[in-house]
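Examination of the molecular architecture
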Amino acid sequence: MDCKEIRHQLHRMAEASNEEVQTSAYIRQQLEQLRPTKIVTFPKGHHLLAEYDFGDGKTVLVRGDMDAVRVNETLELPYKSEHEGVSHKCGHDGHSTILLRLAEMLHEKPLPAGKVLLLFQGAEETGEGAKQILDSGILDAYSIDCAYALHNIPAETAGTIICKPGSFTCSVVSCDIVLTGKTAHAAEPWNAVSPFMAAQRITDFVMSLNQRDVQREDFCVATLIEFRVGSQAYGVAAGDGVLRFTIRTREDAHLQQIISEIETKAKTEAANENLQCEIRWLEYFAASNNAKEAVNAIKECADNLNLTYQNKPIPFFWGEDFGLFTQHYPGALFGLGSGTTQPPLHHPDFDFPDEIVETGAKMFYELVGR
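Quantities reported herein were computed from a predicted structural model and do not represent experimental measurements.

A few words on the overall build of the chain. Counting its regular elements, the chain contains 9 helices and 16 strands. Over its C-alpha trace the chain gives a radius of gyration of 23 Å, about what one expects of a compact globule, namely 21 Å for 370 residues. Seen through its C-alpha atoms, the chain measures out along the principal axes to roughly 80 × 45 × 40 Å. Going through the 370 residues of the chain one by one, you find that 56% of them count as buried. Residue pairs in contact within the chain that sit at least 24 positions apart in sequence constitute 80% of those at least 6 positions apart. Summing over all exposed atoms, the chain offers an accessible surface of approximately 15700 Å²; the carbon and sulfur share of this is 48%.

Rendered as structure tokens:
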């Protein structure tokens, strides 16, 4: 298997969340040559599950994501994205290639026992994919003992393994608050029902939730994404408004508490100003809660492969859809350093380094073979 060519081809066909039609078909084509016991599709989404059954023993799930982000490709690569405004700037092309290389290892060097489930997941970037998979009930047919995933980590030495027990990535949710009153002529703004004062007080409240000391249990990063009241119509006094936020906490329980507080505040302020209020919660990512036993296994496997292991003292602030799997199965998400000069995730100049594909695949092979 030419992993470099596979990764480059996946990069060329970059597809956004829930649109991974070509990507899924290409991955399936590669998998069929590697003779899994069976390949399972899902009723919603373009996910694939490749099962390797080696007989009685434990069942291990390994997840790799395959969707791209809506960032324009500006690098002049020979394998540049063919889809305008969509590119693999998070490295999911590399994550999928790692799983295909793992499939090749399992095909060439079968395990003595057990079952390995390779899950190629779409719609990770929007937080929809894991829920689609779990809601399908397909995984219920398996008695999954442990689940693993990795994410490449820019600015860390290539090949370094990074992990920690407990929360590894934050709980994250996005929020739209739509306030609707009544417009009036701009010459008579007192005849309007303006959302401005309510929008201002709601925003002040949400921003007051910020507690950026990650060592604290009430750690929270509340980010204002948009504050809009009215529109560019100079003869009209504003009668509607939209607020958008993202909220990040260490644990899901704290996030749910904050969601409740924001809903109460928004509805109260809207009622005080005679406004209608619609609240939408979007793109939820559960915290990736790493089981201690799984983290110990990751460290032992890294040691066996003579890889540098780094214990991360605090969680990453970004969300990862794998967190929803850790609510159902013991397991862990770990980081794989992608180079000290690598630009940040989602940066236009990011490109997954081909040289760490083998490292990721060897880590997974060690983990599933334990």
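The 8 strands are arranged S1-S2-S4-S3-S5-S16-S6-S15 in an open sheet whose pairing can be described as mixed. The sheet terminates laterally at strand S1 (38-41) and strand S15 (309-311), the two strands that pair on one side only. Pairs of neighbouring strands in the sheet enclose a mean axial angle of 25 degrees, with direction left out of account. Relative to strand S16 (residues 331-337), strand S6 (residues 161-163) is paired through 2 bridges, and the arrangement is antiparallel. Looking at S16, one finds that Ile161 is bridged to Leu336.

Where empty space is left becomes clear once a probe the size of a water molecule has been rolled over the atoms. In this structure, the largest pocket occupies an estimated 370 Å³ of space. Glu125, Phe285, Trp318, Gly319 and His346 are the residues nearest the centre of the largest pocket, which is lined by 16 residues in total. Of all elements in the fold, only strand S8 (171-180), strand S12 (240-249) and strand S13 (276-285) reach the threshold of two or more residues within the lining of the largest pocket. Its residues assigned to classes, the lining of the largest pocket comprises 5 nonpolar, 6 polar and 5 charged. By volume, the second largest pocket is sized at about 170 Å³. As for the second largest pocket, its lining consists of Thr126, Gly127, Glu128, Lys131, Trp281, Leu282, Glu283, Tyr284, Phe285, Ala286, Asp321 and Leu324. Counting residues per element, the lining of the second largest pocket draws most heavily on S13, which supplies 5 residues. Among the residues making up the lining of the second largest pocket, the classes are represented as 6 nonpolar, 2 polar and 4 charged.

We now examine the packing of helix H1 (residues 3-12) against helix H2 (residues 21-32). Where H1 meets H2, the closest approach of the two axes is 10 Å, and the angle between their N-to-C directions is 160 degrees. When the axes of H1 and H2 are compared, the pair comes out roughly antiparallel. With respect to the hand of their crossing, H1 and H2 are arranged in right-handed fashion. Of H2, the residues touching H1 (which contributes Glu5, Ile6, Gln9 and Leu10) are Thr23, Tyr26, Ile27 and Gln30. Classifying every residue of the contact of H1 with H2 by side-chain character gives 4 nonpolar, 3 polar and 1 charged.

Once that is clear, we can look at the pairing of strand S4 (residues 115-121). Taking burial as the measure, the 7 residues of S4 include 6 buried ones, the bulk of the element. Alignment of strand S2 (residues 48-53) against S4, held across 6 bridges, turns out to be antiparallel. The residue of S4 that forms the bridge with Tyr52 is Val116. Pairing between strand S3 (residues 59-65) and S4: 7 bridges, direction parallel.

In this section: the pattern of salt bridges. According to the stated counting rule, one finds 27 salt bridges in the structure shown. Glu51 is the partner of Lys38 in a salt bridge, and the nearest nitrogen-oxygen pair spans 3.8 Å. Of this pair, Lys38 sits in strand S1 while Glu51 sits in strand S2; the two residues are 13 residues apart in sequence, bridging distant segments of the chain. For Glu51, a relative accessible area of 4% puts it in the buried group. With a closest N to O distance of 2.9 Å, Arg216 and Asp218 form a salt bridge. A relative accessible area of 38% means that Arg216 is categorised as partly exposed. You can call Asp218 partly exposed: its relative accessible area is 31%. Linked through salt bridges whose partners overlap, the residues forming this network are Asp176, Glu226, Arg228, Asp240, Arg244, Glu278 and Arg280.

We now examine the packing of aromatic side chains. Under the criterion given, the structure shown has 7 aromatic pairs. Ring centres of Phe316 and Trp318 lie 4.9 Å apart, and the angle between their planes is 25 degrees; this geometry places the pair in the stacked category. Judged by relative accessible area, Phe316 falls into the buried class, the value being 13%. Arranged with centres 5.7 Å apart and planes meeting at 65 degrees, the rings of Phe334 and Phe364 form a pair that is edge-to-face. Pair noted here: Phe334 is in strand S16 and Phe364 is in helix H9 (residues 357-368), with a separation of 30 residues, a long-range link. Accessibility classification places Phe334 together with Phe364 in one group, the buried group. One aromatic cluster is present, formed by Phe168, Phe316 and Trp318 through successive ring pairs. One residue, Lys109, lies across the ring of Tyr365, its end atom 5.0 Å from the ring centre. Of note, Lys312 hangs over the ring of Phe316, and the distance from its end group to the ring centre comes to 4.2 Å.

Rules behind the numbers
Residues numbered from 1 in each chain as written. Predicted model: local features only at pLDDT ≥ 70, side-chain atom pairs only at ≥ 80, totals over all residues. Heavy atoms only, no water. Helix = DSSP H or I, 4+ residues; strand = E, 2+ residues; numbered from the N terminus. Rg over C-alpha atoms; globule rule 2.2 N^0.38 Å. Buried < 20%, exposed > 50% of the residue type's maximum accessible area, 1.4 Å probe, protein only. Contact = heavy atoms within 4.5 Å. Areas by Shrake-Rupley, 256 points an atom, 1.4 Å probe, with all protein chains shown as cover. Pairing = 2+ DSSP bridges. Axes fitted to C-alpha atoms, helices over the stretch in contact; angles between N-to-C directions. 1 Å grid on protein atoms, 1.4 Å probe; cavity = no way out; pocket = protein on both sides within 12 Å on 5 of 7 lines; lining within 4 Å. Points joined across faces, edges and corners; volume = space filled by probe spheres on them. Nonpolar A, V, L, I, M, F, W, Y, C, P; charged D, E, K, R; others polar. Parallel < 35°, antiparallel > 145°, perpendicular 65-115°, else oblique. Left-handed = near helix turned anticlockwise from the far one by under 90°. Salt bridge = Lys/Arg side-chain N within 4 Å of Asp/Glu carboxyl O. Phe/Tyr/Trp six-rings, centres within 6.5 Å; stacked < 30°, edge-to-face > 60°. Lys NZ or Arg CZ within 6 Å of the ring centre and 35° of its normal.

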